[in-house]
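Coordinates in review
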4 protein chains.
Amino acid sequence: MFNEFGKIIKLTTYGESHGPAIGGIIDGFPAGLSVDLDAIQKELDRRKPGQSKIVTQRKEDDKVEFLSGIFEGKTTGQSIGFVIKNTNQKSKDYEHNTQIFRPSHADFTYFQKYGIRDHRGGGRTSARETANWVVAGALSKQLLPLISINAFVSSVGDIHIEKDIDKLDLTQTENNIVRCPDEEIAEKMIKKISETKKEGDTIGGIITCIVKNVPIGLGEPVFDKLSSRLAQAMMSINAAKGFEIGSGFGGTRLKGSEHNDIFTEEGKTLTNRSGGIQGGISNGMDIVFKVAFKPVATIMKEQQTIDEKGNLTVINGKGRHDPCVVPRAVPVVEALAALVLADFWLLNKTRRI
Amino acid sequence: MFNEFGKIIKLTTYGESHGPAIGGIIDGFPAGLSVDLDAIQKELDRRKPGQSKIVTQRKEDDKVEFLSGIFEGKTTGQSIGFVIKNTNQKSKDYEHNTQIFRPSHADFTYFQKYGIRDHRGGGRTSARETANWVVAGALSKQLLPLISINAFVSSVGDIHIEKDIDKLDLTQTENNIVRCPDEEIAEKMIKKISETKKEGDTIGGIITCIVKNVPIGLGEPVFDKLSSRLAQAMMSINAAKGFEIGSGFGGTRLKGSEHNDIFTEEGKTLTNRSGGIQGGISNGMDIVFKVAFKPVATIMKEQQTIDEKGNLTVINGKGRHDPCVVPRAVPVVEALAALVLADFWLLNKTRRI
Amino acid sequence: MFNEFGKIIKLTTYGESHGPAIGGIIDGFPAGLSVDLDAIQKELDRRKPGQSKIVTQRKEDDKVEFLSGIFEGKTTGQSIGFVIKNTNQKSKDYEHNTQIFRPSHADFTYFQKYGIRDHRGGGRTSARETANWVVAGALSKQLLPLISINAFVSSVGDIHIEKDIDKLDLTQTENNIVRCPDEEIAEKMIKKISETKKEGDTIGGIITCIVKNVPIGLGEPVFDKLSSRLAQAMMSINAAKGFEIGSGFGGTRLKGSEHNDIFTEEGKTLTNRSGGIQGGISNGMDIVFKVAFKPVATIMKEQQTIDEKGNLTVINGKGRHDPCVVPRAVPVVEALAALVLADFWLLNKTRRI
Amino acid sequence: MFNEFGKIIKLTTYGESHGPAIGGIIDGFPAGLSVDLDAIQKELDRRKPGQSKIVTQRKEDDKVEFLSGIFEGKTTGQSIGFVIKNTNQKSKDYEHNTQIFRPSHADFTYFQKYGIRDHRGGGRTSARETANWVVAGALSKQLLPLISINAFVSSVGDIHIEKDIDKLDLTQTENNIVRCPDEEIAEKMIKKISETKKEGDTIGGIITCIVKNVPIGLGEPVFDKLSSRLAQAMMSINAAKGFEIGSGFGGTRLKGSEHNDIFTEEGKTLTNRSGGIQGGISNGMDIVFKVAFKPVATIMKEQQTIDEKGNLTVINGKGRHDPCVVPRAVPVVEALAALVLADFWLLNKTRRI
């Protein structure tokens, strides 16, 4: 529990945004995988700050160092320790926040729960933590070479992709800085984020994720359904407020006769309103899910708030923050999906004699 | 994992719809609680089949028997075993399905994953399992007497409550058979379900849940956030396809300056777009979340499908099924919310010295 | 935790000796095993009370009923619920103990910890619980048909087997009521127990367990070593006070040059002071371990004690108790060994790609 | 599982003896403890190599750096990452072992299990790992200031303390390099180890641990009894082959009337054959247990063995090894005891309403 995720492959993490380092341990990873370290760093680079004009201008190299569990290029079956040093903390940016609770942040709840909080940046609640997840996810992806996991930004504010998912060319996602595979919509999104940033404001968005070539049989009912665990994972991402699989909330308006996915002779289904999961177990169709992200709470505007003693005060945003979280959250969503799938893939080896 | 839920209070369950019984073990429940057995049975009665014209006409008494862990009316701190006998199985209703996969059911995935499935009713995938959850949830509610958990049906198909949540009188939820606190909308929902049933079809819907008087500090970042665990729990319910907390998917369209919940001097917030959870921890405001349910897959209409050998065939729905799952899912949503909250409440006793 | 044991195959149990039933859930058991129910009942019969003159004369049928997870004779991969009804409770035997703490029993600690205790028999602390373990262990044995697990009584009081383990004919264990494969020593043990019983007293003993044909590779360092988990399991048995693997305490007196197990060309070792486990992982040699059991605390003699209020008083043993725990603990030791091995066998399927 | 220990306070570790670093994460540690970092380093110094003539002459500073979870001197309730850099690896010492299995080492089992092993030093199986445990244990000790945990060497080979435990002055343990509180016996032990070292051989020994001022109520039946968890922890230490609590194996020779611990009016017991644990729960008396350690497997003598291809060959010990493991294992035993007790102490806060 707490800072741990997974059943067989367990990721446990630590680290505050303004401490010396963040890092983690990937335990239970099987022996014998030839690790592509560059591919892992590449995923980290997709997530790192400062990569474009629409994300935070903070600069962090986000270089991961592996400390154990990989020997002569292969995993050994032992726990894999890794560390990412913090190199660009500007704690001064946060000195004004020492005793003030930022609205819609975790400041208030952490202080109330623990009686103490690391007020530099987000401390433990910083989205910097998700770099750890990307390391573990990138490694997990290498366990499942046939599976392809493609997340992309499907909406920013009220701008959203209107095409059917089938019509999208997912190879285009990385071609623009907002990570939307529909180039036309991408431009509108970028413009929207840029304008919002200029206003000192932030904006929400939605990420869609499509996972192809998933083996049939992943997921462990009744409480560790594939859908349940994906939901838990995605709702752990900072700013996540909603999760849908397949037809999601929209599917509630349909009748059974409209919603059911009819089988073909090949064991596929004509439609995929189930989103690739039936009874909590993957059915071999694409897994399709969405994650809703609220607008980042830190805005460059004056807001009323209170301090630790309950006095009313005013806060002005400082620091270098993302005007919209979704472009950088794309690799995070993919990483968590990879972790969940790799874990269930291993677990599934134990379900039949 | 598998059939187990919770950290300190762990519910582990078993049972197929057409076996001799279902049941479970509630482990880790603290000693010293005077148990109100009638209140538990009452919750089961809210969930049981046959209670109204818009739910399945199957008759099950759903009487729970406690076998351990309660002595002279009080919990002893030992594991609490309970059993609910199955009394109204009509396995014959399912004989025609022996080797046929029902569309959008778990038949196909269970067969592929395990190589064997109990084809009577839903076997382990039957929503009958949720009676076990209601037992554990009803007991958990008693641990948290001040907290009130109120779920209700907020939409059926395209009929939905339009009033603000604050305007609803939640004491009215149980006054109609669809469990919607807005009487006018309730009537429309009942009519909609009745018509759908006549057509031999089914319809989806949404349940909203509001939890009041939650202590500040529940939830365990970074992976066992209160929102993450609620999501996992709710997505484990049969037919659940989506989960939102607070502003959810709608909140993605807002700007930070519109979305942020501004603090008052009392440590409350003027708005509650966070849905009572910030940084994964309860902030003392009402917890508000929604769960989307797809239409029940079993319809009384002919559908194309395949059998275990992959041959195309046709299936006709039989058995006694719910035309809409949401009225009976209301106590299930409440039960899981109670389980999650009671578990985090206990866990929170260990977070500070 | 609490009433749960195992990683993939998890046994969770409940039940007091004087409640309506005991039972459990075996979760995570793989699908597809043809279950021999008679073999399970046979193991229970080895453990049941009343089977000979040197064990408690309490009569319990100890019939196990399976409630789920087995369909048409095979495991389905779903949780396996089972129940053993209590049929011979004589709660009156315990009425005199209501508020008195029996010396060296769990009465005092349970009362202090939980503030409440089921004072009928041992309540949850009764060795009756071990019947649940035998069910799960007997099922686990069937997963591992090649492995043979042979526990036997190696000492009672100061009477002990003097022969080398290799010289014992383990097929003889069940030929006498004390379960010692050395017939001559068995007779002495039986005599010793009978005399002790006549005195109203009890006596301790040691069980040795030898597991043959164990696959190489079972055990999960660094904290779930095979030796660590066997130790945890065995020390969970009522009255267990010690555990040794291989050379154990005796091996501490040796030098490395005397203790090391030298390899043969076949990958076997000439000696087996390691007891079949090196670095926490099975090496293919016989696993050999011992469990020490103290004398049963309930004696038919007057003893000074205190009551719940701390007043000095006197207790006289009543009820039907074992004069020596080891004969009936033999199948319990085997059952837990089977559980541990089956669990690690499944887990080992995930350790290499 | 795997490299993780604990229920609420979970220690997860990583690191090979010849990699860049070892380290770990302490998750679930409560907020608000003022940490004495010097006290932690002091415990590490008790374990470190090179501290006396009777231990390995390898030099490692074993300096721990904390990377998170401690802010302005206090624990924050967040995961505590720490690292101990390896500074004195001499991998060359192990080059001759690349493909040879050292007798009674984990080389063979790791290679068979994982298909790959880090052959430098012990890799993951090195006792260097126990430095991680000492960090977590030393921190845990600070949670329980009233409890005192005193381990000491009670035997080396056939030299053992003969005095009653009550007669020992435990403040003397650190006064000699073998860590035996009986000065006269300590001298004999030191002589024994020195002689054994000269012979190029190694010798086993026993550590006794006495824990005073333990609160009543720690331990979680039925599978997480305090005795079960201590056994699991201690049997995880490299070279551990046996564990006893209280009367242990010796107690099996007694009768119930001799063994029972009679209560006094104060709720204490006149004797302590239970070793401070009854029914798996601490009873407030001293917890007393013993751990048996085999002689270190690496000896400076020629031994027959096999290589990875199964060919017979000869091995000569090299490297810098302990001639006897027990002096340096004393702080390790204490650390694991502290971890277990702190964990159960937190868990016990949840067992009553």
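Parameters at a glance
- Residue indices follow the written sequence of each chain, beginning from 1 at its first position.
- Chain A is the first chain written and ligand 1 is the first ligand written, with later ones labelled in order.
- Since the coordinates come from a predicted model, pLDDT governs what is reported: local features require at least 70, and pairs of side-chain atoms require 80 or more to be given and counted, while whole-chain, interface and lining totals use all residues.
- Processing note: side-chain calculations cover all non-hydrogen atoms of the structure and skip hydrogens and water entirely.
- Note on conventions: DSSP H or I runs of at least 4 residues are helices, E runs of at least 2 residues are strands, and numbering of each starts at the N terminus.
- In this description the radius of gyration comes from C-alpha coordinates, and the expected globular size is given by 2.2 Å times residues to the power 0.38.
- Pairs of residues are marked as contacts when any of their non-hydrogen atoms sit within 4.5 Å.
- All accessible-area figures derive from a Shrake-Rupley calculation using a 1.4 Å probe, and residue coverage is judged against the displayed protein chains alone.
- The buried area of a pairing is the accessible area, by a 1.4 Å probe, that goes missing from both parts when the two are put together, added over both.
- For this analysis, a salt bridge means a side-chain nitrogen from Lys or Arg found within 4 Å of a carboxyl oxygen belonging to Asp or Glu.
- Distance and chemistry together define a polar contact, namely a pair of N or O atoms within 3.5 Å, with one atom able to donate a hydrogen and the other to accept it when in protein, and with adjacent residues in sequence counting only for side-chain atoms on both sides.
- For this classification, Asp, Glu, Lys and Arg are treated as charged, while Ala, Val, Leu, Ile, Met, Phe, Trp, Tyr, Cys and Pro are nonpolar and the rest, including Gly, are polar.
- Definition of nonpolar core: a set of buried residues of the types Ala, Val, Leu, Ile, Met, Phe, Trp, Tyr and Cys, connected through side-chain atoms within 4.5 Å.
- Here's how the labels work: a residue is buried when its accessible area is under 20% of the maximum for its type, exposed when over 50%, partly exposed in between, all with a 1.4 Å probe on protein chains only.
- At least two bridges found by DSSP between two strands is the condition for calling them paired.
- Side-chain rings of Phe, Tyr and Trp, where Trp is taken by its six-membered ring, are said to pair if the distance between their centres is within 6.5 Å; with planes under 30 degrees apart they count as stacked, over 60 as edge-to-face, and otherwise as tilted.
- Note on geometry: a ring has a charge over it if NZ (lysine) or CZ (arginine) is within 6 Å of the ring centre and within 35 degrees of the ring normal.
- The angle between two axes is taken between their N-to-C directions and runs from 0 to 180 degrees, where each axis is a line fitted to C-alpha atoms and a helix contributes only its stretch in contact.
- Here the word oblique covers every angle except those under 35 degrees (roughly parallel), over 145 (roughly antiparallel) and from 65 to 115 (roughly perpendicular).
- Less than a right angle of anticlockwise turn of the near helix away from the far helix marks a crossing as left-handed, whereas a clockwise turn marks it as right-handed.
- We place the copies in one frame by least squares, fitting the C-alpha atoms of every residue whose pLDDT is at least 70 in both.

**So, the overall build of chain A**
For chain A, the count of helices and strands is 7 helices and 16 strands. Over its C-alpha trace chain A gives a radius of gyration of 21 Å, about what one expects of a compact globule, namely 20 Å for 353 residues. Along the longest, intermediate and shortest principal axes, the C-alpha atoms of chain A span 65 × 50 × 35 Å. Summarising the internal contacts of chain A: among those between residues at least 6 apart in sequence, 70% fall at separations of at least 24. A total of about 11100 Å² of accessible surface is found on chain A, and carbon and sulfur atoms cover 47% of it.

**Some words on the interface of chain B and chain A**
Of the residues lining the interface, 103 residues belong to chain B; the matching set on chain A comes to 104 residues. When the two sides are added together, the surface that chain B and chain A hide from each other amounts to roughly 8400 Å², 61% of it contributed by carbon and sulfur. Across the pair Lys255 of chain B and Glu199 of chain A runs a salt bridge whose closest N-O atoms are separated by 2.8 Å. In this assembly, chain B and chain A are joined by 57 residue pairs in polar contact (both at pLDDT 80 or more).

**Comments concerning the interface of chain A and chain C**
Facing the 17 residues of chain A at the interface are 17 residues of chain C. Counting across the chain A and chain C interface gives 8 residue pairs in polar contact (both at pLDDT 80 or more). Tallied by class, residues from the side of chain A that touches chain C come to 10 nonpolar, 4 polar and 3 charged.

**With respect to the nonpolar core**
If you look at the biggest cluster of nonpolar residues, it comprises 361 residues, and the most contacted ones within it are Phe289 of chain A, Phe289 of chain B, Phe289 of chain C together with Phe289 of chain D. Setting aside residues no more than four positions away along its own chain, Phe289 of chain D makes contact with Ile207, Thr208, Cys209, Val211, Leu230, Met234, Phe243, Glu244, Ile245, Val333 and Ala337 of chain D.

**Some remarks on the pairing of strand E10 (residues 205-212) of chain C**
Residue and element names in this part refer to chain C. Among the 8 residues in E10, 7 count as buried, and that is most of the element. Taken together, the 8 bridges between strand E8 (residues 148-156) and E10 define a ladder with antiparallel strand orientation. In the strand pairing of E10, Phe152 is matched with Thr208. Bridge analysis of E10 against strand E14 (residues 287-293) gives 7 bridges, and the strand direction is antiparallel. Opposite Val211, over in E14, you have Ile287 as the bridge partner.

**Points about the packing of aromatic side chains**
Tallied over the entire structure, the rule returns 38 aromatic pairs over all chains. Pairing Phe101 of chain C with Phe111 of chain C gives two aromatic rings, centres 5.6 Å apart and planes at 50°, and the pair type is tilted. Of this pair, Phe101 of chain C sits in the loop between strand E7 (80-85) and helix H2 (107-114) while Phe111 of chain C sits in helix H2, and the two are 10 residues apart along the sequence. For the cation-ring pair, Lys349 of chain B lies above Trp345 of chain B, with the distance from its terminal atom to the ring centre recorded as 4.4 Å.

**Considerations on the sheet that holds strand E2 (residues 10-15) of chain B**
Residues and elements named next belong to chain B. One open sheet accounts for 5 strands, arranged E1-E2-E3-E7-E4; its pairing is antiparallel. A strand with exactly one partner marks an edge of an open sheet, and here the two such strands are strand E1 (4-5) and strand E4 (64-66). Of the pairings in the sheet, the one linking E2 to strand E3 (residues 21-27) comprises 6 bridges and is antiparallel in character. Across the sheet, Lys10 pairs through a bridge with Asp27, a residue of E3.

**Overview of the packing of helix H3 (residues 130-143) of chain D against helix H7 (residues 326-348) of chain D**
All names here are of chain D. At a minimum axis distance of 7 Å, the contact between H3 and H7 shows a crossing angle of 50°. In terms of orientation, H3 and H7 fall into the oblique class. Considering only the axes of H3 and H7, their crossing is left-handed. Only Pro331, Val332, Glu334, Ala335, Leu336, Ala338, Leu339, Ala342 and Trp345 of H7 make contact with H3, whose side of the interface consists of Thr130, Trp133, Val134, Ala136, Gly137, Ser140, Lys141 and Leu143. When grouped by side-chain class, the residues that make up the contact of H3 with H7 number 12 nonpolar, 3 polar and 2 charged.

**Regarding the environment of Ile80 of chain D**
Residue and element names in this part refer to chain D. You can see Ile80 is positioned in strand E7 (residues 80-85). For the pair Ile80 and Ile25, spaced 55 residues apart in sequence, the C-alpha to C-alpha distance is 5.4 Å. When neighbours within four sequence positions are excluded, Ile80 is seen to be in contact with Gly24, Ile25, Ile26, Phe29, Phe66, Ser68, Gly69, Ile70, Thr75 and Leu139.

**A short note on the relation of the copies chain A and chain C**
When chain A is brought onto chain C, the operation consists of a screw motion whose angular component is 180° and whose axial shift is 0.0 Å, with 0.0 Å RMSD remaining. Between the two chains, the operation in question is that of a two-fold axis. Scanning chain A for the C-alpha nearest the rotation axis identifies Lys349 of chain A, at a separation of 3.2 Å. When the interface residues of chain A are mapped onto chain C, 100% of them again lie at the interface, so the same face is used by both copies.

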